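Descriptive structure summary
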Amino acid sequence: MYEKLNEQIQQSIKPVTEIATINVKALETLAEKQGEFFKYLLESSQSFATTAAPGGDINGVIGAQKAYAEELQKRIATAAEEAYGIITAAQEKSGAILQSVVTDAQAQMAKGGK
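Scope of this entry: the structure provided in the associated data block. (Residues numbered from 1 in each chain as written. Predicted model: local features only at pLDDT ≥ 70, side-chain atom pairs only at ≥ 80, totals over all residues. Heavy atoms only, no water.)

Time to look at the packing of aromatic side chains. Counting across every chain of the model gives one aromatic pair. Consider the rings of Phe48 and Tyr68, whose centres lie 5.1 Å apart with planes at 15°: the pair is stacked. Of this pair, Phe48 sits in helix 1 (residues 2–52) while Tyr68 sits in helix 2 (residues 58–113), placing them 20 residues apart in sequence. The lysine or arginine in question, Arg75, covers the ring of Tyr40, its NZ or CZ lying 4.0 Å from the ring centre. (Phe/Tyr/Trp six-rings, centres within 6.5 Å; stacked < 30°, edge-to-face > 60°. Helix = DSSP H or I, 4+ residues; strand = E, 2+ residues; numbered from the N terminus. Lys NZ or Arg CZ within 6 Å of the ring centre and 35° of its normal.)

This is the structure in structure tokens:
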């Protein structure tokens, strides 16, 4: 009796643990991507500062600033797309798990009602 109850509890929390695992993996991936992006920001800011600071040529500074801004804009867009992709994938996996739970519950209800 206890074994059956324990098995039912394990089965009922399995989808929750699967979704939690998906969320943890997604958060780990997002944190890694954000860390890479932050590292890029620091390095590129430092590189821009060292490039723009020594010269007195205003055209060189403006050109460096323009190149820096364009590259930064590309990196921000890429980072946002990657984050969106990671979150969307996690959402789809979680949705599939929840759908299977609903389908299984409906099947059990139909089986029990007959």
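Grouped together as the largest cluster of nonpolar side chains are eight residues: Ile19, Ile22, Ala26, Leu30, Ala83, Ile86, Ala90 and Ile97. Looking at this core, the elements that each hand over two or more residues are helix 1 and helix 2. Ignoring sequence-local partners within four residues, the contact set of Ile86 consists of Ala26, Thr29, Leu30 and Lys33. (Core = buried A, V, L, I, M, F, W, Y, C linked by side-chain atoms within 4.5 Å. Buried < 20%, exposed > 50% of the residue type's maximum accessible area, 1.4 Å probe, protein only. Contact = heavy atoms within 4.5 Å.)

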